[in-house]
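Results of the structural survey
This is what each chain is made of:
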Amino acid sequence: MSTQTASGKPGPSRHLPRIELGGIAGPLIGLVLLCVGFALTSDYFLSVRNGLNILDQVTVLGILAIGMTMVIIIGGIDLSVGSVLALSMMMMGWLAKNAGLPLPLAMVLGIVTGAACGTVSGILITYARLPAFIATLAMMSVARGLSNILTDGRQIVGYPDWFTDLATIRHLGFFSVTVTTFILLMIAAGIFLRYRATGRNLFAIGGNPEVARLAGIDVRRYTIVTYAVAGALAGVAAVVLAARLNSSQPSAGLGIELDTIAAVVIGGASLVGGVGSIAGTLIGVLIIGVLRNGLNLLGVSPFFQMVVIGLVIALAVAFDTLGRERGK
């Protein structure tokens with residue numbers, strides 16, 4: 001509201017501009033404040049090298065978060081992404097090392113494995129009518145078990161140099177192939193959700209599935225495809241992580257599903273569905289990456305870092321809830 005001066009002209013507003021809690025303004029301000037805080041406490045934080053290190057460190061999380069954003073937008077949840085990542089990674093390694101397939105083909109089949117896991121989760125949700133939490137919890141257990149069964153719990157090591165170069169060589173002195181892949185996927189997903197009718201339909205499903213169905217949207221098909229895409233992206237993240245580690249490990253991705261959900265929620269997505277953006281998710285991913293990096297530079301214990309991340313998640317969900325209540 002604005003007041004009027006004696007001349008009858010509008011005067012300055014007595015209220016501060018309202019910032020929507022569900023948008024990206026709040027997370028962006030939080031990211032800036034984090035950067036300022038760590039810059040004041042660590043001389044190394046603002047260096048170009050450290051910035052590139054942060055990008056390297058959040059690449060896997062960011063790729064997973066793209067799929068999780070779409071899942072959360074339709075009102076779902078996926079607890080299996082960490083285990084699907086491990087299974088895709090082990091499948092790729094087993095096919096290349098044990099089955100003798102060319103590594104590029106094994107990489108593709110590893111991504112297909114992730115897509116297949118996501119498809120199964122989508123079918124369990126849509127046709128078996130299992131809650132998304134239960135369906136993906138079951139897939140989390142199955143995928144983790146299969147990733148260990150493939151090699152009896154042993155890791156696979158010794159990939160070709162060209163493969164590990166994808167994550168280690170910085171082209172033009174800045175971005176590796178893996179980081180570039182992450183950036184391109186973010187751009188493509190952002191364009192899809194914002195400008196494509198198919199992407200906008202995901203918001204309709206998350207807002208009200210029944211209304212979306214009556215409007216002619218095939219909710220079941222969209223749900224299955226969304227989970228399949230999230231699984232495929234977990235497969236892409238598996239390839240990226242294998243290149244970084246120069247190995248495939250059945251224990252890879254333990255707990256990363258929680259960081260993935262946290263990044264999406266911190267970025268302004270609503271756990272009830274219908275709200276979210278790739279830009280917000282990117283900010284959420286960077287917030288988690290900056291937090292971990294800055295706390296490491298300050299020598300903070302990894303155990304205390306878990307406490308900090310947990311508090312950030314709680315605050316993000318609280319802001320989401322308060323924002324929705326305020327909008328009613």
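Described in the following lines is the structure provided in the data block. Within each chain, residue numbers correspond to sequence positions counted from 1 in written order. Local features in a predicted model are, by the rule used here, given only for residues with pLDDT of at least 70; side-chain atom pairs are given and counted only at 80 or more, and totals for whole chains, interfaces and linings are based on all residues. Where side-chain values are given, they derive from all heavy atoms of the structure, hydrogens and water being excluded.

1. What about the overall build of the chain?
The condition that has to hold: Secondary structure counts use DSSP, requiring at least four H or I residues in a row for a helix and at least two E residues in a row for a strand, with both numbered from the N terminus. Radius of gyration: over C-alpha atoms. The globule rule applied is 2.2 Å multiplied by the number of residues raised to the 0.38 power. Relative accessibility thresholds used throughout: buried, under 20% of the residue-type maximum; exposed, over 50%; partly exposed, between the two (1.4 Å probe, protein chains only). The contact criterion used is simple: two residues touch if any of their non-hydrogen atoms lie within 4.5 Å. In these tables, accessible area is a Shrake-Rupley quantity obtained with a 1.4 Å probe, and a residue counts as shielded only by the protein chains included in the view. The convention is simple: Lys and Arg are positive, Asp and Glu are negative, and His and the chain ends are not counted. In this description, the location of a charge corresponds to atom NZ of lysine, CZ of arginine, CG of aspartate or CD of glutamate.
Each helix and strand counted, the chain has 13 helices and four strands in total. Compactness check: the chain gives a C-alpha radius of gyration of 21 Å against a globular reference of 20 Å for 328 residues, within 12% of the reference. Principal-axis analysis of the C-alpha atoms places the extent of the chain at approximately 85 × 55 × 35 Å. The buried share of the chain, taken over its 328 residues, is 45%. For the chain, the proportion of contacts with a sequence separation of at least 24, taken over those separated by at least 6, is 76%. Counting every atom, the chain has about 16,100 Å² of accessible surface; 68% of that belongs to carbon and sulfur. Across the chain, 20 positive and 13 negative side-chain charges occur, with their mean positions spaced 9 Å apart.

2. Describing the side chain of Ser-176
Positionally, Ser-176 belongs in the loop between helix H6 (161–168) and helix H7 (177–195). Taking relative accessible area as the criterion, Ser-176 reaches 1% and is therefore assigned buried. For Ser-176, the contacting residues outside a window of four places in its chain are Asp-56, Leu-166, Ala-167, Ile-169 and Arg-170.

3. Things to note about the environment of Phe-38
Mapped onto the fold, Phe-38 is located in helix H1 (residues 25–41). Taking C-alpha positions, Phe-38 is 38 Å from Ala-143, a pair spaced 105 residues apart along the chain. Excluding residues that lie within four positions of it along the chain, Phe-38 makes contacts with Phe-45, Val-290, Leu-291, Gly-294, Leu-295 and Leu-298.

4. Considerations on the pattern of salt bridges
The line we're drawing: Each salt bridge in this description consists of a side-chain nitrogen of Lys or Arg and a carboxyl oxygen of Asp or Glu lying within 4 Å of one another.
A complete count under the given rule lists five salt bridges for this structure. Close ionic contact of Asp-56 with Arg-170 constitutes a salt bridge, the shortest N to O distance being 2.7 Å. Taken together, the positions of Asp-56 in helix H2 (residues 48–73) and Arg-170 in the loop between H6 and H7 put the pair 114 residues apart, joining distant regions of the chain. Overall, the relative accessible area of 12% leaves Asp-56 in the buried class. The exposure class of Arg-170 is partly exposed, given its relative accessible area of 28%. As a salt-bridge pair, Asp-218 and Arg-221 come within 3.9 Å of each other at their nearest N and O atoms. Here Arg-221 falls in the partly exposed class, since its relative accessible area comes to 49%.

5. Section: a nonpolar patch on the surface
To keep things clear, this is the line we draw: Any residue with relative accessible area above 30% and no salt bridge may belong to a patch, with like charges joined within 9 Å and the nonpolar Val, Leu, Ile, Met, Phe, Trp and Tyr side chains within 5 Å.
A contiguous nonpolar surface patch, about 960 Å² in accessible area, is contributed by Val-48, Leu-172, Phe-174, Phe-175, Ile-183, Leu-184, Ile-187, Ile-191 and Tyr-195. Inspection of the secondary structure assignment puts Tyr-195 in helix H7. Using a relative accessible area of 60% as the deciding quantity, one classes Tyr-195 as exposed.

6. Describing the packing of H7 against helix H8 (residues 197–207)
Put simply, the test is: Each axis is a line fitted through C-alpha atoms, taken for helices only over the stretch in contact, and angles between the N-to-C directions span 0 to 180 degrees. Every angle not falling under 35 degrees, over 145, or within 65 to 115 is termed oblique; those three ranges are roughly parallel, roughly antiparallel and roughly perpendicular.
Put simply, H7 and H8 touch, their axes get as near as 5 Å, and they point 70° apart. Compared by their axis directions, H7 and H8 come out roughly perpendicular. Counting all contacts with H7, which are made through Phe-192, Leu-193, Arg-194 and Tyr-195, the residues of H8 involved are Ala-197, Thr-198, Gly-199, Arg-200, Leu-202 and Phe-203.

7. Remarks on helix H11 (residues 256–266)
Along H11, 10 of the 11 residues are buried, which leaves the element largely enclosed by surrounding structure. Listed in full, the buried residues belonging to H11 are Ile-256, Glu-257, Asp-259, Thr-260, Ile-261, Ala-262, Ala-263, Val-264, Val-265 and Ile-266. Where H11 terminates, the next one or two residues include Gly-268, which has phi positive at roughly 105°.

8. Comments concerning the environment of Trp-94
Looking at where Trp-94 falls in the secondary structure, it is placed in helix H3 (residues 81–97). Taking the C-alpha atoms as reference points, Trp-94 and Val-300, 206 residues apart in sequence, are found 37 Å from one another. Apart from residues no more than four positions distant in its own chain, Trp-94 is found in contact with Ala-99, Leu-150, Thr-151 and Ile-156.

9. What to know about unusual backbone geometry
Residues other than glycine seldom take positive phi values, yet Arg-129 does so here, at roughly 60°. Position of Arg-129 relative to the elements: it lies in the loop between helix H4 (103–126) and helix H5 (132–149). Look at Asn-246: it is not a glycine, yet its phi comes out positive at around 55°. Here Asn-246 is to be found in the loop between helix H10 (219–245) and strand E4 (247–248).

10. Considering the packing of H4 against H5
How two helices pack is summed up by the angle between their axes together with the distance between the axes. What counts here: Each crossing gets its hand from how the near helix is turned against the far one by less than a right angle, where anticlockwise is left-handed and clockwise is right-handed. Three classes are used, and their members are as follows: Ala, Val, Leu, Ile, Met, Phe, Trp, Tyr, Cys and Pro are nonpolar, Asp, Glu, Lys and Arg are charged, and the others, Gly among them, are polar.
Following both chains from N to C, one finds H4 and H5 inclined at 145°, their axes separated by 9 Å at the closest point. Read as a crossing pair, H4 and H5 show a hand that is right-handed. Contacts from Cys-117, Val-120, Ser-121, Leu-124 and Ile-125 of H4 reach H5 at Ala-132, Ala-135, Thr-136 and Met-139. Of the residues contributing to the contact of H4 with H5, the split by class is seven nonpolar, two polar and no charged.

Treat this as a map of the structure, not an account of what it does.
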